[in-house]
Amino acid sequence: MIRTKIANALRIAADACRPYQYTYVGGTSQAHDAFVLLRKWAAGESLGDGRYIGQYEDALARYHRVRYAVSFGAGRMALYAILRAMDLRPDDEIILPGYTCIVTANAIRFAGLKPVYVDVSRDDFNIDLGRIAAAITQKTRAILAQHTFGVPCDLDELAAVSRRYGIPIIEDGAHAIGARWAGRPVGGFGLAAFFSTEGSKMFSTERGGYALTDDAALHERLRAIQQEAEFFPPRQELYCLWRWCYRAALCGYPLLQPRTRTFELLAKRLSLAGVMRVLTFDAANYACEINCRRFTPYPARLGNLMAYAGLRQLLRIERDLRHRRRLAAHLEGALGAMGVAVAKYDHTKALPSWVRFPFVVRRREPWIRLLNTFRITPGFWLNDPVHPVESDWEGAGYAAGSCPEGEYLSGHILNVPVHGRIPRALLEKWVARARALYLE
Ligand SMILES: Cc1ncc(COP(=O)(O)O)c(C=O)c1O
């Protein structure tokens, strides 16, 4: 009875939000989506297994123009599942860029394999194609093509390397949902691909990811791994749902930024110890990852209601991408004209997704100060060859000095948000001010 009343109240709230457009992007507002999600939960829709998982996977496969998509509780887990499904031998080697996230290296280690780092190019922040051959050995089983910040790797060149050595490509599209190469969405260019839908990515299921492939046998094994995996505990799923709704309704607006931060600090202070244990499972998982330890459940499955959240956002991704590309085109021109290094890529083939817009500066501090005055949140990832800076390099198999370009970028790169809540006028004013101050 009370549940029905809550569900009705949430439906009224969702309807009230419907006319409001998603800022600068168009389509229904995310606040509307948040109330729809809460209403479904109040009406008894499952947080664990359920009908939306299959619908979401079908929609993902269609969007990426591949045959199969299999969802997981994180992008890293999708990579882990792909590697397990490839049936490799212990200590087989996987090539990856020396400018990545430690979670990628950990997924390789957890699958019993060895990460082999290849330095990146300062031009597009992606793996340096010219250095791959020297890293290939008898034991190399795959090359990870990470489309850093959503700028696609040169997939023609990579396909040539893959053919020459008979080594398959696995695309790391964590930053690159919607990026295209030669008119086709990335994710269908290798044996398999994995993507992330964690909160800071192209769209969010709070945490989550998926694997793609056209290979029927690989898909069968991936599906078996998914079916054997557990869902996250219900209280964690519930927290994810709450946080997704809170972020969808309130986060990312430059004007709300200081207030939102104060709210978060306040929420942390006021929480009781027990509540904190529930809320901070992320912190515990993070501590495991930076020390190269596995947490449980790993791999995990993506839950039903978060799959529904993904499904809703997939409907507006193309509009969202257009907004990102408009802002990025302005930044490419304006920052480039000031002599600030921005990604160089083949404009006739690559169409980036711009999870955030990266640029490389001489000194970061003055840029950060200026960004803060405009209430634009500066991004500090990737600020380590195996991000984040606290990572255990030894555990991740990374040798200091082995990827000098990746190490240089880690200390000099910054990025700014270009998502649907960032107005172009704000970025224009910020760049104009940076020019007036002769920042470089
Ligand atoms: C380049 C890259 N690959 C893979 C991942 C893993 O994604 P997830 O956090 O969903 O496991 C990340 C995470 O941010 C990433 O930045």
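Shown above is the structure to which this text applies.
Residue numbers here run from 1 along each chain, matching the order of that chain's written sequence. Note on the predicted model: pLDDT of at least 70 is required for a residue's local features to be given, and 80 or more for side-chain atom pairs to be given and counted; whole-chain, interface and lining totals, by contrast, use all residues. By convention in this description, side-chain values take in all heavy atoms of the structure and omit both hydrogens and water.

Draft legend 1. Quick look at the packing of helix H1 (residues 2–17) against helix H2 (residues 30–42). Under this scheme, a helix contributes an axis fitted over its contacting stretch, all axes are lines through C-alpha atoms, and angles between N-to-C directions fall in the 0 to 180 degree range. To qualify as a helix, a DSSP run of H or I must reach at least 4 residues; to qualify as a strand, a run of E must reach at least 2; elements of each kind are numbered from the N terminus. In the contact formed by H1 and H2, the axes pass within 8 Å of each other and the chain directions differ by 165°. It follows that H1 is roughly antiparallel to H2 by the angle criterion. In terms of crossing hand, the pair formed by H1 and H2 is left-handed. Contact with H1, carried on its side by Arg3, Ile6, Ala7, Leu10, Arg11, Ala13, Ala14, Asp15 and Cys17, involves Ala31, His32, Phe35, Val36, Leu38, Arg39, Trp41 and Ala42 of H2 and no other residues of that element. Roughly parallel means an angle under 35 degrees; roughly antiparallel means over 145; roughly perpendicular covers 65 to 115; every other angle is labelled oblique. Left-handed is the label given to a crossing in which the near helix is rotated counterclockwise from the far helix by less than a right angle, and right-handed is the label when the rotation is clockwise. Residues count as neighbours in contact if any of their non-hydrogen atoms are within 4.5 Å of one another.

Draft legend 2. Representation of the site of the ligand. Distances are taken per atom, and a residue is near a molecule or strand as soon as one of its heavy atoms is within 4 Å of it. Lining the immediate environment of the ligand, one finds 14 residues, of which Gly75, Arg76, Asp172, Ser196 and Lys201 sit closest. Side-chain atoms alone can form a polar contact between residues adjacent in sequence; in general such a contact is a pair of N or O atoms within 3.5 Å, and within protein one must be able to donate a hydrogen while the other accepts it. Residue arginine 76 places a side-chain N or O atom 2.6 Å away from an oxygen atom belonging to the ligand. In the model, an oxygen atom of the ligand is placed 2.7 Å from a nitrogen or oxygen of the lysine 201 side chain. Here the accessible surface of atoms and residues is derived via Shrake-Rupley with a 1.4 Å probe, and residues count as covered only by protein chains that are part of the display. Taken by itself the ligand offers 390 Å² of open surface, and the protein chains cover 94% of this. If you list the elements that add at least two residues to the shell around the ligand, you get helix H4 (75–85), helix H5 (102–110) and strand E9 (192–196). For this classification, Asp, Glu, Lys and Arg are treated as charged, while Ala, Val, Leu, Ile, Met, Phe, Trp, Tyr, Cys and Pro are nonpolar and the rest, including Gly, are polar. Of the residues contributing to the shell around the ligand, the split by class is five nonpolar, six polar and three charged.

Draft legend 3. Here's a closer look at the sheet that holds strand E2 (residues 93–97). We treat two strands as partners when DSSP finds at least two bridges between them. Pairing within the open sheet is mixed, and its seven strands lie in the order E1-E10-E9-E6-E5-E2-E4. Two strands lie at the open edges of the sheet, namely strand E1 (68–72) and strand E4 (114–118), each paired on one side alone. Each adjacent strand pair in this sheet contributes to an overall mean axis angle of 25°, direction not counted. Across five bridges, E9 lies against strand E10 (residues 209–213) in antiparallel orientation. By the bridge assignment, alanine 193 is partnered in E10 with leucine 212.

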